Amino acid sequence: MMMSRGGAKAAKSLLAAAGPRLFFSTTTATIRAVSSHEAALSASRLLKPEVASAWIWSRAPTVNGGMRFASTITLGEKTKEEEANQKKTENESAGGNAGAGGNNKGEKGIMSYWGVEPNKITKEDGSEWKWNCFRPWETYKADTTIDLKKHHVPTTFLDRIAYWTVKSLRWPTDLFFQRRYGCRAMMLETVAAVPGMVGGMLLHCKSLRRFEQSGGWIKALLEEAENERMHLMTFMEVAKPKWYERALVITVQGVFFNAYFLGYLISPKFAHRMVGYLEEEAIHSYTEFLKELDKGNIENVPAPAIAIDYWRLPADATLRDVVMVVRADEAHHRDVNHFASDIHYQGRELKEAPAPIGYH
């Protein structure tokens with residue numbers, strides 16, 4: 001009996017000291033009223049079920065002005081608030097997926113213990129945004145007034161190597177695709193999206209190693225890679241690749257990625273110059289694409305919905321409008337990469353010149 005009273009007094013003293021630091025004010029007030037072991041048991045029965053079943057994250061001021069957190073250990077029962085939040089998340093997820101795909105009716109939304117909920121985004125007119133691969137603030141109107149005839153005349157030895165390397169790659173491409181410009185564009189974009197990602201990745205690692213900023217060039221090159229990838233997503237809606245074309249893409253991308261990776265490590269000025277010439281060839285290819293559309297050899301079908309939203313094209317836009325904006329993008333990428341190469345030729349680093357972020 002003496003041991004029981006001693007234990008109760010010790011527990012009372014401990015809870016009185018720790019209460020303000022760890023528990024809710026309501027819980028602390030209840031425990032302070034406990035005067036014996038039997039009274040503590042009675043008080044625990046008065047607590048609300050949700051309070052007794054789990055401790056919720058809470059913050060209470062400590063003696064020195066800091067903050068302490070209560071435990072999040074549950075006792076196997078969900079509170080009413082948690083169940084309501086879970087149902088709300090499930091409903092929103094299901095609604096968001098149905099809006100994005102249009103054919104996901106009846107599917108449950110993806111639930112997560114971490115509470116990550118899908119965003120519900122709308123267009124400027126209030127209609128639901130249906131693309132998950134890009135957001136409204138990433139869309140833009142292409143500048144089609146850019147000079148398409150600009151050309152960097154190769155002057156140095158490395159320039160000439162880069163120029164003739166690109167010219168030599170054009171011959172097998174012409175032989176394989178002939179005048180199938182839809183498939184040609186699709187193949188071109190699977191390669192064109194590689195240099196920006198490789199260059200951005202290597203600059204990112206360099207920035208980490210040297211503890212220095214990149215002048216925005218990491219973002220600029222990754223923007224280029226993402227823009228080229230969106231070209232591919234667009235032409236996938238126009239030209240359906242056959243199995244052997246998909247196999248060719250895997251082969252070419254594997255070879256080109258590793259070759260460009262090594263080339264950028266050895267000489268970034270050569271790597272950027274070569275991409276500049278690749279973009280010049282892309283401008284030529286899309287110009288030929290437009291000629292075939294104008295002649296009627298390729299049907300000028302309505303523009304894919306993804307292209308209309310990405311480039312903010314009118315609702316009645318056609319494939320010709322898509323090719324026009326894609327060609328303008330390639331001209332901008334040409335300028336960016338020739339500019340980057342010129343910076344290196346001047347003996348400077350990219351970080352010393354502001355990157356043309358958002359220059360599609």
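Residues numbered from 1 in each chain as written. Predicted model: local features only at pLDDT ≥ 70, side-chain atom pairs only at ≥ 80, totals over all residues. Heavy atoms only, no water.

As named in an unreviewed UniProt entry, the chain is Ubiquinol oxidase, taken from Camelina sativa. Under the heading Subunit (unreviewed entry), UniProt records this for the chain: "Homodimer; disulfide-linked." You can read under Sequence similarities (unreviewed entry) in the UniProt record for the chain the words "Belongs to the alternative oxidase family." (UniProt positions renumbered as here; feature names shortened; annotations may be inferred.)

Got a minute to help me understand empty space enclosed by the protein in this structure?
Following the criterion strictly, the structure yields 2 cavities of 30 Å³ or more and no others. In this model, the largest cavity occupies a volume close to 70 Å³. What lines the largest cavity is simply Ala220, Glu223, Glu224, His333, Val336, Pro356, Gly358, Tyr359 and His360. Among the secondary structure elements, those contributing two or more residues to the lining of the largest cavity are α8 (217-235) and α12 (319-345). Partitioned by chemical class, the residues of the lining of the largest cavity number 4 nonpolar, 3 polar and 2 charged. Forming the boundary of the second largest cavity are Tyr181, Arg184, Ala185, Leu188, Ser285, Tyr286 and Phe289. For the lining of the second largest cavity, the secondary-structure elements that each account for two or more residues are α7 (181-210) and α10 (268-295). (1 Å grid on protein atoms, 1.4 Å probe; cavity = no way out; pocket = protein on both sides within 12 Å on 5 of 7 lines; lining within 4 Å. Points joined across faces, edges and corners; volume = space filled by probe spheres on them. Helix = DSSP H or I, 4+ residues; strand = E, 2+ residues; numbered from the N terminus. Nonpolar A, V, L, I, M, F, W, Y, C, P; charged D, E, K, R; others polar.)

Could you clarify how one ought to interpret the pattern of salt bridges in this entry?
A pair can form between side chains of opposite charge whenever their charged atoms are brought close. The tally for this structure, following the rule as stated, stands at 15 salt bridges. Residue Asp309 pairs with Lys123 through a salt bridge whose shortest N-O separation is 3.3 Å. Here Asp309, found in helix α11 (residues 305-310), pairs with Lys123, found in the loop between α5 (80-101) and α6 (157-177); they are 186 residues apart in sequence, far enough to count as distant. For Lys123, a relative accessible area of 28% gives the class partly exposed. In this structure, the salt-bridge partner of Arg320 is Asp294, at a minimum N-O distance of 2.7 Å. (Salt bridge = Lys/Arg side-chain N within 4 Å of Asp/Glu carboxyl O. Buried < 20%, exposed > 50% of the residue type's maximum accessible area, 1.4 Å probe, protein only.)

Honestly, the layout of surface pockets in this entry has me stumped. Any pointers?
Any empty space left between the atoms is revealed when a probe the size of a water molecule rolls over them. Taken as a whole, the second largest pocket holds about 780 Å³ of empty space. What lines the second largest pocket is a set of 32 residues, and nearest its centre among them are Leu169, Thr173, Val191, Val252 and Leu278. For the lining of the second largest pocket, the secondary structure elements donating two or more residues are α6, α7, α9 (243-266) and α10. Residues of the lining of the second largest pocket, tallied by class, amount to 23 nonpolar, 5 polar and 4 charged.

Is there a simple way to explain the nonpolar core in this structure?
As a rule of thumb, soluble globular proteins bury nonpolar side chains together. Counting residues in hydrophobic clusters, the biggest one holds 27 residues, and the most contacted among them are Phe289 and Trp311. Mapped by element, the contributors of at least two residues to this core are α7, α8, α10, α11 and α12. The element that contributes the greatest number of residues to this core is α12, accounting for 5 residues. Among all residues touching Phe289, those that are not within four sequence positions of it are Tyr181, Gly182, Ala185, Phe235, Ile298, Leu319 and Val323. Among the nonpolar cores identified, the runner-up in size contains 26 residues, and Val191, Trp217, Ile343 and Ala353 belong to it. (Core = buried A, V, L, I, M, F, W, Y, C linked by side-chain atoms within 4.5 Å. Contact = heavy atoms within 4.5 Å.)

Help me out: how do you make sense of the confidence of the model for the chain in this one?
Close reading of the predicted structure is inappropriate where its pLDDT is low. Scored by pLDDT, the chain has a mean of 77; 69% of the residues are at 70 or more. Taken element by element, the predicted model of the chain shows its lowest mean pLDDT in strand β2 (residues 67-69) (39) and its highest in α12 (96). pLDDT under 50 marks residues 21-78. Its contacts with residues more than four places away, or in other chains, come to 60 contacts. Counting interchain partners and residues more than four positions distant, the pLDDT-below-50 stretch residues 93-106 has 18 contacts. (pLDDT = per-residue confidence, 0-100.)

Help me understand unusual backbone geometry in this model?
Leave glycine aside and you will find that most residues have negative phi; peptide bonds, for their part, are mostly trans. A positive phi is found at Phe211, a non-glycine position, where the angle reads about 55°. Look at Phe211 and you get exposed, because its relative accessible area is 77%. Phi angles above zero are rare outside glycine, and Arg312 is one such case at about 55°. By secondary structure assignment, the location of Arg312 is in the loop between α11 and α12. Judged by relative accessible area, Arg312 falls into the partly exposed class, the value being 41%.

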